[in-house]
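Survey of secondary and tertiary structure
In case you want the letters, here they are:
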Amino acid sequence: MSTNENKDQFRPEDHENDHFLLTTVVGSYPKPKWLNRAKELYQDPDHGFDEDDYQEAKDDAARLITNEHERAGLDVVVDGEMRRNEMVEFFAHRIEGYEFNGPVKVWGHNYFDKPSVVSEVEYTDSWLVDEYEFTAEATDRPVKVPITGPYTLANWSFNEAYEDDDELTLALADLVNEEIEKLVDAGARYIQIDEPALATTPDDHAIVGEALEQIVADIPDEVRIGLHVCYGDYSRIYPEILEFPVDEFDLELANGDYDQLDVFKDPEFTADLALGVTDVHVAEVESVEQIEENIKKGLEVVPPEQLVVSPDCGVKLLPREVAYGKMANMVEAARNVEADLDEGTIDIERDTAAPADD
Amino acid sequence: MENIKRRYSLAAPTMTEYVSTTPGLFPLPDWAKDDLSDLKGHQKHDLIGGDEGEEIASVYEQARAEVIEGQQDAGLDRVVEGQLRWDDMLAHPLAVHDNVETRGIVRYYDNNNFYREPVVSGDLEFSGDVAGELEAASELTDDLQAVLPGPYSLADLATDEQYGDEAEFLGAIADFLAGEVDAFPDVETLFLLEPSLVENAPEDGTDERASEAIDQVASATDADVVVQPYWGALEEKVYAHLLDADIDAVGFDFVANQDDNLYNIQEYGAPADISLGLADGQNTLVEDPEAIRDRVDWVEGQLPVAEFETVYLTTNTETFYLPYAKYEEKLAVLAEAADLAEVTVA
């Protein structure tokens, strides 16, 4: 069994099996109802619930969900993005050069406050360092920091200020790079860049690659960089994405029942694969056995050293008890598959013409 | 493709009429977004089915009156109903049809927008849904412009499980749309939106059938018919075939592509009327009316043409992509630009 130093730095000291399939989440988690209620009170000008009170509520929620991730047994935890509202809005509020003009339709009566870039984007205060430091303080487990990537930040905004979206993407990449440097200084070792927009406009993989090069410039090698992409036609971005300077690709595949799995078998998947093994659009908890089968799908693409286990996407739209059930079953399934791998009872042939290294 | 001669007028100059308008499909006013979210819900099965109850219908009625008044206040020459009920955007006329099932949520062209995939599973008989909207709007304005998806785009957005053959399906969609148009109240203009002619350009043979289908829908009305493709320029052959249809104007998206659109007009000519998409329907940056007027001058200056009879000035795309306040500003700019263009020419 070969090793994978970058991934193994997150292996718990008391890990029970020889094999290690790192378990984690993509990021978002259902907010406790009282947190939404607290937000309403905070936004109500007639109510005495002030900013400090709301801050305390968010701190409590972050601690609670971080702890819930621990209880589910995850190897790497997140605070469930309790402080964030939406993946573009949250950052746009913190970046100089953005303004908000009101909600726009995504589909049906689902809207979001799509921001406009009206002048040069600038980095002022840190976006996520406080969030990271708080979560790291609240747990002994490694903490992952999800951050929306520059391509998605550019694509899901109106661009009034830059010649084209590529130019805006690269300007934002510099800001994301600055933020990641600060996170690394604060101790973060696992960063996940979320680029859902890539799946919707797959012809743009070149600009995403260029932006990633800018983002990881001067970031130490031991810092694990993941890229999350979801809900798209992966055949249009693979194998080109293998050129991206990231350690791990976090991919949604359970929702489509692994119908796109073969895309990643040829050519050989050279990075780590964080495989979506539970469907976040189905409000029923998959059984441990089902998730074990899903995890084994990943072993058709990469050897165990390169496999990470995760839900398809953020789980924030699920009922909270369903979200928890999926996490807990996912961890149990991963441990079972590890044990089977230790015993050599799993015989999966990878179709790729990989050299015999295991 | 017999009609590739230039069709614009080379005779004695007549005065060009500049008409400010839009391709419709407006954003809902923010209060209506809230009210309808509460009344209808956020899920797939909550979207409009054509059988909405009184409470929901009255919100739409109020919102329709508001956007019609907004267009009148802005000074637009043509007023659209607003298509505020079109939850599924251009797929709406099928999505509310009795013999169409709506399935999963699918991407709307290359946008971060989604609609329910309409699956045609029975004969596309007369519906009257859009005519009903226009009847209501016609009581509020005398400058009414109807808006429909063009037959090629509507077929492209849908899935056929009834007709079994691409050509037959396109024909059935054209029959259906022509029947709907036939039931419209009197309108000044009919805009047929055809983004799929650009985004999923028809191949040999289909391009001719697309033109015939458009011709069939256009023939169902006495109103001026404008066919508006967008998100780029038409391929040459597609454009040449489109000119064979009996339509009054073709639209050009000069926001997305200038060179190829100019080339098409220079090479193949254009009908006597033209529609210029000059304000960006997908960006909050609000153009100056003078800048729009200058773009009109620029386009006209590039063409070896004496004069168009009518030039429609419009956003290149639908405007539901915009926050409501920005959409309102865009309308005002178009109206003012058309006024400026009239003055310049006179």
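Here the structure is shown first, and the text comes after it.
These lines cover the structure that appears in this document, whether it is placed above or below. (Residues numbered from 1 in each chain as written. Chains lettered and ligands numbered in written order. Predicted model: local features only at pLDDT ≥ 70, side-chain atom pairs only at ≥ 80, totals over all residues.)

Before going further, it helps to spend a moment on the overall build of chain A. Scanning chain A for helices and strands turns up 11 helices and 12 strands. What you see for chain A is a C-alpha radius of gyration of 20 Å, in line with the 21 Å of a compact globule of 358 residues. Each principal axis of the C-alpha atoms in chain A carries an extent, and together these give about 65 × 45 × 40 Å. (Helix = DSSP H or I, 4+ residues; strand = E, 2+ residues; numbered from the N terminus. Rg over C-alpha atoms; globule rule 2.2 N^0.38 Å.)

Before going further, it helps to examine the overall build of chain B. Broken down by element type, chain B carries 12 helices and 11 strands. Here chain B has a C-alpha radius of gyration of 19 Å; the compact-globule value for 346 residues is 20 Å, and the two agree. Along the first, second and third principal axes, the C-alpha set of chain B runs to 55 × 45 × 35 Å. Counting over 346 residues, chain B shows a buried share of 51%. Within chain B, counting contacts between residues at least 6 apart in sequence, those at least 24 apart form 79% of the total. (Buried ≥ 20, exposed ≤ 12 C-beta atoms within 10 Å, placed from the backbone. Contact = placed C-beta atoms within 7 Å.)

Of all hydrophobic cores here, the largest spans 110 residues; its most connected members are Ile173, Leu192, Ile214, Leu242, Leu276, Leu313 and Leu334 of chain B. Here this core gets 9 residues from one element, more than from any other, and that element is helix H12 (residues 324-345) of chain B. (Core = buried A, V, L, I, M, F, W, Y, C linked by C-beta atoms within 7 Å.)

Residues and elements named next belong to chain B. Strands sit in the order S1-S11-S10-S9-S8-S7-S5-S2 across an open sheet of 8 strands; the sheet is parallel. Either end of the sheet is taken by a strand with one partner, and the two such strands are strand S1 (17-20) and strand S2 (79-80). Here S1 runs beside strand S11 (residues 310-315); their pairing, made up of 4 bridges, is parallel. What sits directly across from Val19, in S11, is Tyr312. Contacting strand S10 (273-279) and S11, helix H11 (residues 289-302) crosses the sheet at an angle of about 135° to S10. (Pairing = 2+ DSSP bridges. Axes fitted to C-alpha atoms, helices over the stretch in contact; angles between N-to-C directions.)

Moving on, we come to the interface of chain A and chain B. With 18 residues of chain A at the interface, the matching set in chain B holds 27 residues. Taken together, the elements giving at least two residues each to the side of chain A that touches chain B come down to strand S3 (104-107), strand S4 (110-112) and strand S7 (158-159) of chain A. With 4 residues, the top contributor of residues to the side of chain A that touches chain B is S3 of chain A. When the residues that make up the side of chain A that touches chain B are grouped by side-chain class, the tally is 7 nonpolar, 9 polar and 2 charged. (Nonpolar A, V, L, I, M, F, W, Y, C, P; charged D, E, K, R; others polar.)

Moving on: the packing of helix H1 (residues 30-40) of chain B against helix H2 (residues 54-74) of chain B. Residue and element names in this part refer to chain B. At a minimum axis separation of 10 Å, H1 and H2 run at an interaxial angle of 170°. Relative to H2, the element H1 is oriented roughly antiparallel. As for how H1 packs across H2, the hand of that crossing is left-handed. Of the residues in H2, those touching H1 at Ala32, Asp35, Leu36, Leu39 and Lys40 are Glu55, Ile56, Val59 and Ala63. Of the residues contributing to the contact of H1 with H2, the split by class is 6 nonpolar, no polar and 3 charged. (Parallel < 35°, antiparallel > 145°, perpendicular 65-115°, else oblique. Left-handed = near helix turned anticlockwise from the far one by under 90°.)

Moving on: the sheet that holds strand S6 (residues 159-160) of chain B. Judged by pairing direction, the sheet is mixed, and its 3 strands sit side by side in the order S3-S4-S6 (chain B) without closing on themselves. The strands lining the two open edges of the sheet, one partner per strand, are strand S3 (100-107) and S6 of chain B.

All names here are of chain A. Remark: helix H10 (residues 288-299) packs on helix H11 (residues 320-343), axes separated minimally by 8 Å, with the N-to-C direction vectors making an angle of 60°. As judged from the angle between their axes, H10 and H11 are oblique. As H10 runs across H11, the sense of the crossing is right-handed. Contacts between H10 and H11 involve Val288, Ile291, Glu292, Ile295 and Lys296 from the first element and Asn329, Met330, Glu332, Ala333, Ala334, Asn336 and Val337 from the second.

Residue and element names in this part refer to chain A. Judged from the 3 bridges that link them, S3 and S4 form a sheet pairing that is antiparallel. Counterpart to Trp107 in the pairing with S4 is Asn110. Linking two consecutive strands that pair antiparallel, namely S3 and S4, is a turn of 2 residues; a positive phi of about 50° is found at Gly108 within it.

Here we take up the environment of Thr159 of chain B. Residue and element names in this part refer to chain B. Relative to the elements of secondary structure, Thr159 occurs in strand S6. Assessed through the 17 C-beta atoms surrounding it within 10 Å, Thr159 is described here as partly exposed. Excluding residues that lie within four positions of it along the chain, Thr159 makes contacts with Glu117, Val119 and Val120.

Quick look at H10 of chain A now. All names here are of chain A. For H10, built from 12 residues, the straight-helix expectation of 16 Å at 1.5 Å per residue is met to within 8% by its first-to-last C-alpha distance of 17 Å. Of the positions making up H10, those classed as buried are Ile291, Glu292, Asn294, Ile295, Gly298 and Leu299. Looking down the long axis of H10, one finds its buried residues gathered within 165° of arc, a one-sided arrangement. As for H10, its buried residues are in contact with strand S11 (272-276), strand S12 (307-310) and H11. (Expected span 1.5 Å × (residues − 1). Arc of directions from axis to C-beta.)

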